[in-house]
Amino acid sequence: MRSRIKVAVALSVILMTGSSMAAAEQVTVTSWGGAYQDAQREVYFKPFEEQTDIDLVEESWDGGIGVLRAQVEGGNATWDVVQVESEELQLGCDEGLFEELDWDKIGGKDRYIEAAVSPCGVGAIVYNFVLGYDKDKISDAPAGWEDFFDLDKYPGKRALRNGPKTNLEIALMADGVPPAEVYDVLATDEGVERAFKKLDTIKSDLVFWEAGAQPPQLLASGEVALTSIYNGRVDAANKADGRNFGIVWNESLYTLDSWVILAGSKNLDAAYKYLDFVGEAENQAKLPMKIAYGVTNPDASAMIEPERLKELPTADENMKNALKISDTFWLDNIDRLTERWSRWASTN
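These remarks concern the structure in this document. (Residues numbered from 1 in each chain as written. Predicted model: local features only at pLDDT ≥ 70, side-chain atom pairs only at ≥ 80, totals over all residues. Heavy atoms only, no water.)

## Here we look at the overall build of the protein chain
Item 1. Each helix and strand counted, the protein chain has 16 helices and nine strands in total.
Item 2. Each principal axis of the C-alpha atoms in the protein chain carries an extent, and together these give about 95 × 40 × 40 Å.
Item 3. Residues counted as buried form 51% of the 348 residues belonging to the protein chain.
Item 4. Put simply, of all contacts in the protein chain between residues at least 6 apart along the chain, 72% involve residues at least 24 apart.
Item 5. Carbon and sulfur atoms provide 48% of the accessible area of the protein chain, an area that totals close to 16,200 Å².
Item 6. Taken as two groups, the 34 positive and 59 negative side-chain charges of the protein chain have centres that lie 5 Å from each other. (Helix = DSSP H or I, 4+ residues; strand = E, 2+ residues; numbered from the N terminus. Buried < 20%, exposed > 50% of the residue type's maximum accessible area, 1.4 Å probe, protein only. Contact = heavy atoms within 4.5 Å. Areas by Shrake-Rupley, 256 points an atom, 1.4 Å probe, with all protein chains shown as cover. Lys, Arg positive; Asp, Glu negative; His and termini not counted. Charge placed at Lys NZ, Arg CZ, Asp CG, Glu CD.)

## Let's talk about the state of the cysteines
Item 1. Under the counting rule described, the total for this entry stands at one disulfide.
Item 2. Between the sulfur of Cys 93 and that of Cys 120 lies a disulfide, 2.0 Å long from S to S. Disulfide Cys 93-Cys 120: the torsion about the S-S bond is 60°, which places it as right-handed. With Cys 93 in helix 4 (residues 86–94) and Cys 120 in the loop between helix 4 and strand 4 (121–134), this pair connects stretches of sequence that are 27 residues apart. (Disulfide = S-S within 2.5 Å.)

## Side note on the nonpolar core
Item 1. Judged by nonpolar contacts, the single largest core of 97 residues is most densely connected at Leu 68 and Tyr 274.
Item 2. In terms of residue count, strand 4 provides more of this core than any other element does, eight residues in total.
Item 3. With near-sequence residues (within four places) excluded, Leu 68 lies in contact with Trp 61, Trp 79, Val 82, Val 84, Leu 97, Phe 98 and Leu 262. (Core = buried A, V, L, I, M, F, W, Y, C linked by side-chain atoms within 4.5 Å.)

## Observations regarding empty space enclosed by the protein
Picture a little ball the size of a water molecule; that probe, rolled over the atoms, points out where space is still empty.
Item 1. One pass over the full model with this rule turns up two cavities of 30 Å³ or more.
Item 2. Estimates place the volume of the largest cavity at around 80 Å³.
Item 3. Taken together, Trp 32, Tyr 36, Gln 83, Glu 85, Ile 125, Tyr 127, Tyr 230, Arg 233, Asp 257 and Tyr 293 form the lining of the largest cavity.
Item 4. For the lining of the largest cavity, the per-class residue count stands at six nonpolar, one polar and three charged. (1 Å grid on protein atoms, 1.4 Å probe; cavity = no way out; pocket = protein on both sides within 12 Å on 5 of 7 lines; lining within 4 Å. Points joined across faces, edges and corners; volume = space filled by probe spheres on them. Nonpolar A, V, L, I, M, F, W, Y, C, P; charged D, E, K, R; others polar.)

## Some details on the pairing of strand 7 (residues 226–230)
Item 1. For strand 7, the tally of buried residues reaches five of five residues, placing the bulk of the element in the interior.
Item 2. Side-chain alternation along strand 7 places Leu 226, Ser 228 and Tyr 230 on one buried face and Thr 227 and Ile 229 on a second face that is also buried.
Item 3. In this structure, strand 5 (residues 158–161) lies alongside strand 7, joined through two bridges in parallel fashion. Across the sheet, Arg 158 pairs through a bridge with Leu 226, a residue of strand 7. (Pairing = 2+ DSSP bridges.)

Here you go:
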């Protein structure tokens, strides 16, 4: 009799352990924090957990290929899926920091727009760096980056992301270079000097931001009058916080972020399940209703309200005079121009 009890108890323990192990499947997803990650949590993270019983652990970061190298090369990576910018995608793929994707596990390449498909990453969002301002404080809307540099017409501090990328392009457009010619000019030493010379004209009035959550805070507090800002952060601040921020779409800079799986992920199966989930049209279509970023599954657009589509970066009117950030240029020049920027930003 006792042996039967022991067997029953042993079976019970095995069953409980197996159940516990199944429930313990998890994936760590790292994104950009702030209003954007708040939106992702609502439309992606929580529904994913509910539908899959996979425990999703959130992390956030401010970017940088060095952070990814440290995660992977140290052999103790704690992240599985990370949202990265375009040059991080290419650098990380070249260096073997990311898994090469098995597209059959995430709906196939045809599920996504062409720009969203790469060997190591799948597009997450299309977004723009725009000129942002507070309509309650500025009634005469700026027309473009030239106005950003006009301290007489628009007095007050300005904010730019801390780094050369986007800022050198902004400076050249402010100096009269058409968006279509920016990278031709920037590819020359004279063009780089021209951009820094233009930045010199407002240097004493500049504030630098690191994380995407900062520009809305800087505008709300009145610390700056104008700022470069992710278009989705303007939309989120207006909807969630009752702000009255404006967007200048003219001469905005657009790009695409991608999801990657870090090489050696210990939760590879769960990572693929997450990528498949966020790639589905019905799931992607929910994100722009929370924050105004463009989708990478074209079938999602048909599920988004027409009035909302007009507010997204992918609207024809908003893309009319926009500049696509050149991955090729920044891959070739990011190190030397970041060093130059650091020297410039640290001196009076």
